[in-house]
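# A closer look at the structure
One-letter residues, chain by chain:
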Amino acid sequence: MTLIEIKSDDVAATYRILQKEAKDGGYQLNPDAEFTKNLVAGLMKNEQRYGYRACPCRLASGRKEQDLDIICPCDYRDSDLNDFGACYCALYVSDEIASGRNAVAPVPERRRPRAERGNQAIKQTFSLSSSPVSALAFPVWRCKVCGYLCARDQPPGICPICKVTKDRFERFM
Amino acid sequence: MGIEHVSGKNKGTVMLYALSTCGWCKRTKELLREIGVEFDYVYVDLLEGTEQDMAMDNVERFNPSGSFPIHVINDKKCIVGFKEKEIREEFR
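Quick caveat: nothing in here was measured; it's all calculated off a predicted structure.

### Here we look at the overall build of chain A
Tallying secondary structure elements over chain A gives six helices and five strands in all. Secondary structure of chain A in N-to-C order comes out as α-β-α-α-α-β-α-α-β-β-β. Burial analysis of chain A (173 residues in total) assigns 43% to the buried set. A separation threshold of at least 6 residues defines the contact pool for chain A, and within that pool the share at least 24 residues apart is 47%. Entry remark: accessible area of chain A is about 9,200 Å², with carbon and sulfur atoms responsible for 50%.

This is the structure we're talking about:
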């Protein structure tokens, strides 16, 4: 695997975009700019080598269907923000930490170990009749990142709340 | 890219498994340098194929969650994550 270098101007530009997107969605990036830019560079490296922004603090398999849960923002971000005030890599932090009232500390891994994960790919196209609530006019889809729910034939291409892609949705009802 | 060596005070064999993109791994490496202990490190994400599998088997032997960073001391004990106090204590 060759070392990928990302130009600091490109990191700064992506950092600004992520900062704006976080703020617009009610989230905060880690106020330690140097630490955070290093994570952003990691996300960009992962995007180049895997084709998606896998968490910089987890080992990606390189197979998207197995790494969906750790594509940033990961499926575990909101739970870790609630419990620890930061996501696993500490790119996103709580208001308390963002304002400097609390320091960020390492977050334990919530993702299941490799041997227990298996294939996480979730089929999104099962029929309505397999739903326990078959009387619904539409299936209900849940964004696994932010919890957004919508009732329609298919999940949206992009989550209107947290902007993750369609493949991060699961059938909820 | 394989195992890199950092010279310093010998406190037994210290092997740091890290990811090249991870902020906590970077901090752990910097802390070990600051303490001045002799250690080896490897960026597991830069390994390929069986080399990476073997490194992961080693990581999971000490740390079943397979998370990074982890450093193994004398092939017996390990510290998972950037636990500054614990790491300083270990190499006093």
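### Description of the pairing of strand β5 (residues 77-80) of chain B
Strand residues, when the strand is regular, have side chains that alternate between the two faces of the sheet. Residues and elements named next belong to chain B. For strand β4 (residues 70-73) and β5, the ladder comprises four bridges, and the chain directions are antiparallel. Bridge pairing in β5 places Ile-73 opposite Lys-77. The loop that links β4 with its antiparallel partner β5 comprises three residues; one of these, Asn-74, has a positive phi angle of about 55°.

### What to know about the interface of chain B and chain A
Chain B puts 22 residues into the contact, and the matching count from chain A is 25 residues. Summed over both partners, the interface of chain B with chain A comes to about 2,000 Å²; 56% of that surface belongs to carbon and sulfur atoms. One can count four salt bridges joining chain B with chain A. For Asp-57 of chain B, the salt bridge is made with Arg-114 of chain A, and the minimal N-O distance between the two is 3.3 Å. In this structure, the connection of chain B to chain A is made through seven residue pairs in polar contact (both at pLDDT 80 or more). Residue assignment for the side of chain B that touches chain A shows that the elements contributing at least two residues are α1 (23-35) and α2 (49-62) of chain B. For the side of chain B that touches chain A, the leading source of residues is α2 of chain B, giving five residues. Of the residues in the side of chain B that touches chain A, the class split is nine nonpolar, six polar and seven charged.

### Details of the domain arrangement of chain A
Residues and elements named next belong to chain A. Domains assigned within chain A are domain 1 (8-107) and domain 2 (128-171). Summarising the inter-unit geometry, the C-alpha centres of domain 1 and domain 2 are found 24 Å apart. Residue-level contacts link 10 residues of domain 1 with seven residues of domain 2. A buried area of about 690 Å², summed over both sides, lies between domain 1 and domain 2, and 44% of it is on carbon and sulfur atoms. When the buried area of domain 1 at its contact with domain 2 is split by residue, Leu-68, Pro-73 and Asp-75 rank highest and sum to 56% of it. At the boundary of domain 1 with domain 2, the tally comes to two salt bridges. Asp-75 is the salt-bridge partner of Arg-168, the closest N and O atoms lying 2.9 Å from each other. The interface formed by domain 1 and domain 2 contains five residue pairs in polar contact (both at pLDDT 80 or more). Class assignment of the residues belonging to the side of domain 1 that touches domain 2 gives a composition of five nonpolar, no polar and five charged.

### With respect to a nonpolar patch on the surface
Residues and elements named next belong to chain A. A surface patch of nonpolar side chains, amounting to about 270 Å² of accessible area, comprises Leu-149, Phe-172 and Met-173. Positionally, Met-173 belongs in the segment after β5 (169-171). On the accessibility criterion, Met-173 (34% relative accessible area) is partly exposed.

### Structural notes on the sheet that holds strand β1 (residues 4-6) of chain B
Residues and elements named next belong to chain B. Pairing is mixed across the open sheet formed by five strands, whose spatial order is β1-β3-β2-β4-β5. In this open sheet, the two edge strands, each paired with only one partner strand, are β1 and β5. This sheet shows a mean twist of 20° between the axes of neighbouring strands, independent of strand direction. Pairing between β1 and strand β3 (residues 39-43): three bridges, direction antiparallel.

### Quick look at helix α2 (residues 33-50) of chain A
Residue pairs spaced three or four apart in an α-helix point in one direction, given the helix's 3.6 residues per turn. Here α2 of chain A contains 18 residues, and its C-alpha end-to-end distance of 25 Å stays within 8% of the 26 Å for a straight helix at 1.5 Å per residue. Taken together, the buried positions of α2 of chain A are occupied by Phe-35, Thr-36, Leu-39, Val-40, Ala-41, Gly-42, Leu-43, Met-44, Lys-45, Asn-46, Arg-49 and Tyr-50 of chain A.

### Points about the packing of α2 of chain A against α1 of chain B
For the pair α2 of chain A and α1 of chain B, interaxial distance at closest approach is 9 Å and the crossing angle is 120°. Overall, the two elements α2 of chain A and α1 of chain B adopt an arrangement that is oblique. Where α2 of chain A abuts α1 of chain B, its residues Glu-34, Phe-35, Asn-38 and Leu-39 of chain A lie against Gly-23, Trp-24, Lys-26 and Arg-27 of chain B. Per-class residue counts for the contact of α2 of chain A with α1 of chain B are three nonpolar, two polar and three charged.

The rules behind the values
- Residues numbered from 1 in each chain as written.
- Chains lettered and ligands numbered in written order.
- Predicted model: local features only at pLDDT ≥ 70, side-chain atom pairs only at ≥ 80, totals over all residues.
- Heavy atoms only, no water.
- Helix = DSSP H or I, 4+ residues; strand = E, 2+ residues; numbered from the N terminus.
- Buried < 20%, exposed > 50% of the residue type's maximum accessible area, 1.4 Å probe, protein only.
- Contact = heavy atoms within 4.5 Å.
- Areas by Shrake-Rupley, 256 points an atom, 1.4 Å probe, with all protein chains shown as cover.
- Pairing = 2+ DSSP bridges.
- Buried area = accessible area lost by both parts, 1.4 Å probe.
- Salt bridge = Lys/Arg side-chain N within 4 Å of Asp/Glu carboxyl O.
- Polar contact = N/O pair within 3.5 Å; in protein donor to acceptor, adjacent residues only side chain to side chain.
- Nonpolar A, V, L, I, M, F, W, Y, C, P; charged D, E, K, R; others polar.
- Domains from an automatic or database assignment.
- Patch = residues over 30% accessible without salt bridge, like charges linked within 9 Å, V, L, I, M, F, W, Y side chains within 5 Å.
- Axes fitted to C-alpha atoms, helices over the stretch in contact; angles between N-to-C directions.
- Expected span 1.5 Å × (residues − 1).
- Parallel < 35°, antiparallel > 145°, perpendicular 65-115°, else oblique.

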